[in-house]
Amino acid sequence: MIYNIALLRGDGIGPEIVDSAVRVLEAVGEKYGHTFNFTPYLIGGAAIDAVGVPLPQETVDGCLASDSVLLGAVGGPRWDTLPGNLRPEKALLGIRAALGLFTNLRPARLYPALSGDCPLRPDLVRDGFDIMIVRELTGGIYFGDRGYREGKYGEEAYDTECYSRFEIERIARVAFETARKRRGRVGSVDKANVLETSRLWRRTVHEVRDALYPDVELRDVLVDNAAMQLVRDPAQFDVIVTSNMFGDILSDEASQITGSIGMLPSASLGEGTRGMYEPIHGSAPDIAGRGIANPIATILSAAMMLRYSFGLTREADAIERAVDRALDDGLRTADIAGASGAGTLGTREMTDAVMERL
Ligand code: IPM
Ligand code: MG
């Protein structure tokens, strides 16, 4: 089979880690007899510098014409003072919306080999944990009405959180389907003690469960409590489903208790098979261009692409196992090297190590 993949390398360490994932995909293609064609497009600060806007139309069209999209990261201090609609981050929201990617899957699992890097007390994570965060990605406060106006105290700014029953139902279905393939438990995170959107969220999620997924266990968790429970007893969670902003915040928290944010992949999905795959860490401008970034989150994102967009389960398993083996063999990039940092691998060497273990 031939698969056409749009590459959005972006900014900071984006180009380095995307190139790592491309090398791994090419090796997988060779081994299993698939052809992956890669077409690069501009996004983020790189696009601002080249053509003056963070998300050129050509990029949107190229992604829409592709079978799937692999993204590095966008943003950096150079573009931080631009107005909101010209910021690199705006491109990320724009491409998610343009591709209809309303689901964001963010798996957070503690690798046994990295349990020493987990900042939680060993007795709290004795049995490890394996959480799938299902974040709603094209609604809520990220996309609500916003602006500036004159208020009681003069100038004020506002952003609004809005969710339709339709949007909640479709993300709830993804969460329940996901839970059925895992341990059958969903924690729905909201702030229903304060927010009207959360009350609709809670009611709708329960309706979907009662009507279609009576076999799945559903628990409501208030977002402040969820943030606390994640560092008290992360193993209590299987699938977490939540709104765009709560999911943004909780997924960073979940990533850090796995040892390093440099390890976590993500998949953004819509109604069809085309998805966008990216590490959940950012562009890390402080280490960009030094060849020391951890490529694993992007390599694992490529594995998610094979699994979710192309249905290549065997190939995805092979990549994930190769990463496991590299870690089990004690190989480390600087972010997961522990205090000494001795003998750590650079981006290229870690990529080589994963490829050797495919
Ligand atoms: C993420 C990021 C983005 C988000 C930013 C860069 C717009 O933090 O993917 O988690 O908030 O969605
Ligand atoms: Mg985030």
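So, here is what we can say about the structure in this document. (Residues numbered from 1 in each chain as written. Chains lettered and ligands numbered in written order. Predicted model: local features only at pLDDT ≥ 70, side-chain atom pairs only at ≥ 80, totals over all residues. Heavy atoms only, no water.)

Quick notes on the overall build of the protein chain
Each helix and strand in the protein chain was counted, giving 11 helices and 12 strands. Compactness check: the protein chain gives a C-alpha radius of gyration of 20 Å against a globular reference of 21 Å for 358 residues, within 12% of the reference. Its C-alpha atoms put the protein chain at 55 × 50 × 45 Å along the principal axes. Sorting the 358 residues of the protein chain into buried and exposed places 52% on the buried side. In the protein chain, 76% of the contacts between residues at least 6 apart in sequence involve partners at least 24 apart. Charge-centre separation for the protein chain: the mean point of 39 positive side chains lies 4 Å from the mean point of 51 negative side chains. (Helix = DSSP H or I, 4+ residues; strand = E, 2+ residues; numbered from the N terminus. Rg over C-alpha atoms; globule rule 2.2 N^0.38 Å. Buried < 20%, exposed > 50% of the residue type's maximum accessible area, 1.4 Å probe, protein only. Contact = heavy atoms within 4.5 Å. Lys, Arg positive; Asp, Glu negative; His and termini not counted. Charge placed at Lys NZ, Arg CZ, Asp CG, Glu CD.)

Topic: a nonpolar patch on the surface
Side chains of L42, V51 and V53 sit close together on the surface and give an oily, nonpolar patch of about 220 Å² of accessible area. With respect to the secondary-structure elements, L42 resides in the loop between β2 (35-40) and α2 (45-51). (Patch = residues over 30% accessible without salt bridge, like charges linked within 9 Å, V, L, I, M, F, W, Y side chains within 5 Å. Areas by Shrake-Rupley, 256 points an atom, 1.4 Å probe, with all protein chains shown as cover. Salt bridge = Lys/Arg side-chain N within 4 Å of Asp/Glu carboxyl O.)

What to know about the packing of aromatic side chains
According to the stated counting rule, one finds five aromatic pairs in the structure shown. Taking 6.4 Å as the distance between ring centres and 20° as the angle between the ring planes, the aromatic pair formed by F36 and F310 counts as stacked. With a gap of 274 residues between them, F36 in strand β2 and F310 in the loop between α9 (296-308) and α10 (313-328) connect regions that are remote in the sequence. Here F36 falls in the buried class, since its relative accessible area comes to 8%. In textbook terms, an aromatic cluster arises when at least three aromatic residues are bridged by ring pairs, as seen for Y3, F36 and F310. (Phe/Tyr/Trp six-rings, centres within 6.5 Å; stacked < 30°, edge-to-face > 60°.)

Digging into helix α11 (residues 347-356)
Within α11, the full set of buried residues consists of T347, M350, T351, A353 and V354. Looking down the long axis of α11, one finds its buried residues gathered within 160° of arc, a one-sided arrangement. Opposite the packed face of α11, turned more than 90 degrees from it, sit the exposed residues R348 and E356. Tucked inside the fold, the buried residues of α11 contact α1 (14-32), α9 and α10. (Arc of directions from axis to C-beta.)

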